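Residues per chain, in single letters:
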Amino acid sequence: MSLRRVALLAGGLVLAGCAVPQQSAGPSIEQVRAQLQAGNYEAAAPDLQTLADRGSPRAQVMLGAMYEAGHGVAQDFSEARRLYELAAAQDHAPAFGLLGRMYAMGRGGTQDVAKAVDLYERGIAAGDDWSAFARAFQYETGEGAEHNMAEAVRLYRMAAEKGHTRAITRLGILHMRGNGVEQDLAEARRLLELAAPHSELARSMLAHVQEMEG
């Protein structure tokens with residue numbers, strides 16, 4: 001879990017319709033968001049814990065991401081998985097992909113690829129970009145799914161439309177190689193240029209595309 005991913009999740013805490021019970025005392029979502037965006041993870045952790053204990057699925061996901069990455073708290077995969085489970089039980093879309101990854105990798109508990117697939121599918125239905133990316137990668141590699149490039153491309157595009165950097169990068173690589181799509185170096189360059197500011201792999205592949213273009 002990268003710092004950028006944690007920050008992106010922080011932005012999701014204050015989307016319209018964020019239904020976190022407001023109480024007369026204690027931290028607010030706005031205060032926690034400001035702390036996270038400033039990189040003050042240690043200060044944000046106890047406030048997120050308070051909100052998570054109140055039942056906020058967004059706070060549970062954010063705190064889980066911090067435990068998974070070890071940002072502001074000691075790294076603890078079991079606690080991350082527990083918090084993701086709580087948020088997923090409330091049908092919070094981002095929790096499905098994050099929890100699915102924990103099951104797929106066996107982090108914080110037993111590995112269960114079938115459970116991961118089920119969670120990814122629930123996340124896709126709920127519009128979660130990470131779930132779409134993860135399932136697309138399974139279709140591309142044939143790990144956890146039958147190899148299906150058409151479905152991989154469809155799901156990568158779904159995630160890319162939501163700005164998912166890794167999905168944009170994979171699409172760029174597929175267009176560069178002509179794998180699952182017609183080879184299109186111009187489209188590959190366009191996609192990799194979008195992802196390059198946030199991805200070392202995208203920057204490396206962009207340089208390769210530029211060499212191919214001559």
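Computed from a prediction, not measured in an experiment: that's the story for all the values here. (Residues numbered from 1 in each chain as written. Predicted model: local features only at pLDDT ≥ 70, side-chain atom pairs only at ≥ 80, totals over all residues. Heavy atoms only, no water.)

So, on to the overall build of the protein chain. A count of helical and extended segments in the protein chain gives twelve helices and zero strands. Every one of the 214 residues in the protein chain was classed for burial, and the buried ones make up 48%. Accessible surface, the protein chain as shown: approximately 10,000 Å² in total, 48% of it carbon and sulfur. (Helix = DSSP H or I, 4+ residues; strand = E, 2+ residues; numbered from the N terminus. Buried < 20%, exposed > 50% of the residue type's maximum accessible area, 1.4 Å probe, protein only. Areas by Shrake-Rupley, 256 points an atom, 1.4 Å probe, with all protein chains shown as cover.)

Considering all chains together, one arrives at three aromatic pairs under this definition. Ring geometry for Phe 133 versus Phe 137: centroids 6.3 Å apart, planes at 25 degrees, classification stacked. One end of the pair, Phe 133, and the other, Phe 137, are both in helix α8 (residues 129–141), four residues apart, so they sit about a helical turn from each other. Classification of Phe 133 by relative accessible area gives buried; the value is 4%. (Phe/Tyr/Trp six-rings, centres within 6.5 Å; stacked < 30°, edge-to-face > 60°.)

Turning our eyes to something else, we now look at the packing of helix α7 (residues 113–125) against α8. Axes are the key here: two packed helices are described by the angle between their axes and the distance separating the axes. Closest axis-to-axis distance for the α7/α8 pair is 8 Å, and the angle between their directions is 130 degrees. Classified by the angle between their axes, α7 and α8 sit oblique to one another. In the crossing of α7 with α8, the sense of the turn from one axis to the other is left-handed. Contacts between α7 and α8 pair Val 113, Val 117, Leu 119, Tyr 120, Glu 121, Gly 123 and Ile 124 from the former with Trp 130, Ser 131, Ala 132, Ala 134, Arg 135, Gln 138 and Tyr 139 from the latter. For the contact of α7 with α8, a count of residues per class yields nine nonpolar, three polar and two charged. (Axes fitted to C-alpha atoms, helices over the stretch in contact; angles between N-to-C directions. Parallel < 35°, antiparallel > 145°, perpendicular 65-115°, else oblique. Left-handed = near helix turned anticlockwise from the far one by under 90°. Contact = heavy atoms within 4.5 Å. Nonpolar A, V, L, I, M, F, W, Y, C, P; charged D, E, K, R; others polar.)

Our focus in this paragraph is the layout of surface pockets. Estimates place the volume of the second largest pocket at around 310 Å³. In terms of lining, the second largest pocket is formed by 15 residues, of which the most central are Ala 104, Tyr 120, Ala 134, Phe 137 and Gln 138. Looking at the lining of the second largest pocket, the elements that each hand over two or more residues are α6 (93–105), α7 and α8. In terms of residue count, the dominant contributor to the lining of the second largest pocket is α8 (six residues). Of the residues belonging to the lining of the second largest pocket, the class tally is eight nonpolar, four polar and three charged. (1 Å grid on protein atoms, 1.4 Å probe; cavity = no way out; pocket = protein on both sides within 12 Å on 5 of 7 lines; lining within 4 Å. Points joined across faces, edges and corners; volume = space filled by probe spheres on them.)

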